[in-house]
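# Coordinate analysis (summary)
Next come the chains, spelled out residue by residue.
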Amino acid sequence: MEQLLCDELVQEIFVRLPSSSSSSVSLVCKRWLNLHRTSINSLSLRINPNNSTSIPSFLSRYPHLSSLTIISDNNTSPLFSSPQSNQSSSFSPDQILVSIASNCSNLHLLRFFAGPVSSSSFFSLSTSCKQLTSLHISSFRPLCFRWLIFFPFLKELSFTNSSPKFDDFTAGDFNFNSHDKDEALFSPNSSGLPLESLCLSGIGAEDHGMGWLWRNCTKLRKLNLKNCEGVGDGASFSSFFNCLKGLQELELRTSRTIVDGVLWQLAEHCNSLNSLLLYDGGSREGLHRFISRTRSTLQRLDFRLPLDLDNNHLSAVAENFRGLVSLRLQSCCLVTGEGLKNLGSVMSHGLQELALINCDVVEREPGLLTTLGQNLRGLKKLDLSFNEMLADKELVSMLVSCKNLMDIKLRGCRGITNASMVSMCKSCKVMESVDIKQCFRIGEQGVEVVLMNLPRLRSVQVEENKVSDVAKTWASQKFIEVVD
């Protein structure tokens, strides 16, 4: 039979095998081993930084890779030193990237977490991997993004600046990134770069080279700024407005120094924003000004602002964003039950997702969840994770009214018991996903109740030691995924 099956048919069989059994076929014979390797199009590698010289020969065995993730085992290894460092026992990040370019010309997605690389390595990558649509990578100062013009299909870029503090560099290091005579050589066509999603981490207020990027990101739909103290030097900031006009999603994480300026420019230049995530940074006045003045019709808000979000912001949200479908609050300790109840009454027909994660108002004000449940009968997703003192009585009184819930997260709610699971199964018949990890008072019986009494259930996240043999059998028969 093995001889009757041609290579193409064997490869097609391998592609259709579940991941749990696909690794075993390579043990049958050398032919199957080679065919199995050529049928693989997605690979994740965790490499030993002190023994990485075998990477080229290993990658050459997988000629049809379209997705590749490289992760280093040791962040303190030579891989994470400066790009000039080189040791005979291992490849530098630059050398690893060159190996990928030489052996993986069909890549569409590359996640490179084996250390920062130099700008010159991006040009080497572009000569072979022109089909890349998604790239996750890091580099050192001086920052340069002009290599992007050689990736005509790149839609998503995640870039981390891995340099030490800016003070360790001199101004002379950045001269080649200014507006010099080579600008015309590195300019895309009039339509700009193809980038639609951009994630930047570690950008400073004095970084040169950012202006070129902002001027040419004319198609951005999603922008994510993490741990950023700026969006580039003065000239870069004036170009930053260029990419805001068509923006639909914005995420600002731990970038407190630039939040007010970015939100101000959004209110002035962007009418298309529908999703805003703001974590750990901003000012009350700046945020309130944005909510009140923006001309965008936001549908999704996600805030983790322990000291910056209060009832005045919730009132402004209720007044200006009547089309809101998702509201997520984390650790917002200044918000009170009154503010949430007022917002709930206004959003009673439209809000589909509510998250109150580690918000002490849930435990501080009895009856709040009951009122929210009565007002927000259209809720499909509810996240009350890490409200450790949340009691059965409060949760049950809300679930009675939330008959449309499809997804609930109760992770870290130490106070709830099996009784809540029984009530949930009676009230929420369309539930599809349940997260009850770190709920220490929910035991095997509660897990069995969930698995056996929710007819549309597809996924449960819970500790493996709480899943009895009976529950495992039932989950297998009903194709329910149980995740530890």
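Just so it is clear, the model here is predicted, and its values are computed rather than measured.

## Comments concerning the packing of helix 15 (residues 392-399) against helix 16 (residues 418-427)
At a closest axis distance of 9 Å, the pairing of helix 15 and helix 16 adopts a crossing angle of 5°. In terms of orientation, helix 15 lies roughly parallel with respect to helix 16. Of the residues in helix 16, those in contact with Asp 392, Leu 395, Val 396 and Leu 399 of helix 15 are Ala 419, Ser 420, Ser 423, Met 424 and Ser 427. Taken together, the residues that form the contact of helix 15 with helix 16 break down as five nonpolar, three polar and one charged.

## Quick notes on the side chain of Glu 463
Relative to the helices and strands, Glu 463 resides in the loop between strand 16 (459-461) and helix 18 (469-477). Once residues within four sequence positions are removed from consideration, Glu 463 is found in contact with Ile 436, Lys 437, Gln 438 and Asp 484.

## Digging into the pattern of salt bridges
Applying the stated criterion across every chain yields a total of 16 salt bridges. Residue Asp 280 pairs with Arg 304 through a salt bridge whose shortest N-O separation is 2.7 Å. Linking Asp 280 in the loop between strand 9 (275-279) and helix 10 (284-293) with Arg 304 in strand 10 (residues 300-304), this pair joins segments that are 24 residues apart in sequence. Look at the salt bridges and you will find they share partners, linking Arg 300, Asp 302, Arg 328, Glu 353 and Asp 383 into a network.

## A word on the packing of aromatic side chains
Under the definition given, this model contains six aromatic pairs. Connected via pairs of aromatic rings, a cluster forms that spans Phe 122, Trp 147 and Phe 151.

## A look at the nonpolar core
Leu 68 and Ile 100 are the most contacted members of the largest nonpolar core, which has 130 residues in total. Ranked by the residues each element gives to this core, the list is headed by helix 9 (residues 256-269), at six residues. Sequence-distant contacts of Ile 100, that is, excluding residues within four places in its chain, are made with Leu 59, Leu 68, Ile 70, Leu 107, Leu 110 and Phe 112.

## Here we look at unusual backbone geometry
The phi torsion of most residues other than glycine is negative, and most of the peptide bonds are trans. A cis amide bond links Arg 141 with the next residue in sequence, Pro 142, at an omega value of 0°. Position of Pro 142 relative to the elements: it lies in the loop between strand 4 (134-139) and strand 5 (156-161). Phi is positive for Ser 331, close to 55°, though the residue is something other than glycine. Relative accessible area serves as the criterion here: at 23%, Ser 331 is assigned to the partly exposed category. Of note in the backbone geometry, Gln 438 takes a positive phi value of approximately 60° without being a glycine. Tracing the chain through its elements places Gln 438 in the loop between strand 15 (433-435) and helix 17 (444-453). The partly exposed category is assigned to Gln 438, whose relative accessible area is 30%.

## Side note on the confidence of the model for the protein
Regions with low pLDDT carry predicted coordinates that are not meant to be interpreted in detail. For the protein, the average pLDDT comes to 86, and 83% of its residues sit at 70 or higher. Across residues 75-87, where pLDDT falls below 50, the model places 29 contacts with residues more than four positions away in sequence or in other chains. Note that residues 167-181 has pLDDT below 50 and, in this model, 21 contacts with residues that lie over four places away or in other chains.

Analysis parameters
Residues numbered from 1 in each chain as written. Predicted model: local features only at pLDDT ≥ 70, side-chain atom pairs only at ≥ 80, totals over all residues. Heavy atoms only, no water. Axes fitted to C-alpha atoms, helices over the stretch in contact; angles between N-to-C directions. Helix = DSSP H or I, 4+ residues; strand = E, 2+ residues; numbered from the N terminus. Parallel < 35°, antiparallel > 145°, perpendicular 65-115°, else oblique. Contact = heavy atoms within 4.5 Å. Nonpolar A, V, L, I, M, F, W, Y, C, P; charged D, E, K, R; others polar. Salt bridge = Lys/Arg side-chain N within 4 Å of Asp/Glu carboxyl O. Phe/Tyr/Trp six-rings, centres within 6.5 Å; stacked < 30°, edge-to-face > 60°. Core = buried A, V, L, I, M, F, W, Y, C linked by side-chain atoms within 4.5 Å. Buried < 20%, exposed > 50% of the residue type's maximum accessible area, 1.4 Å probe, protein only. pLDDT = per-residue confidence, 0-100.

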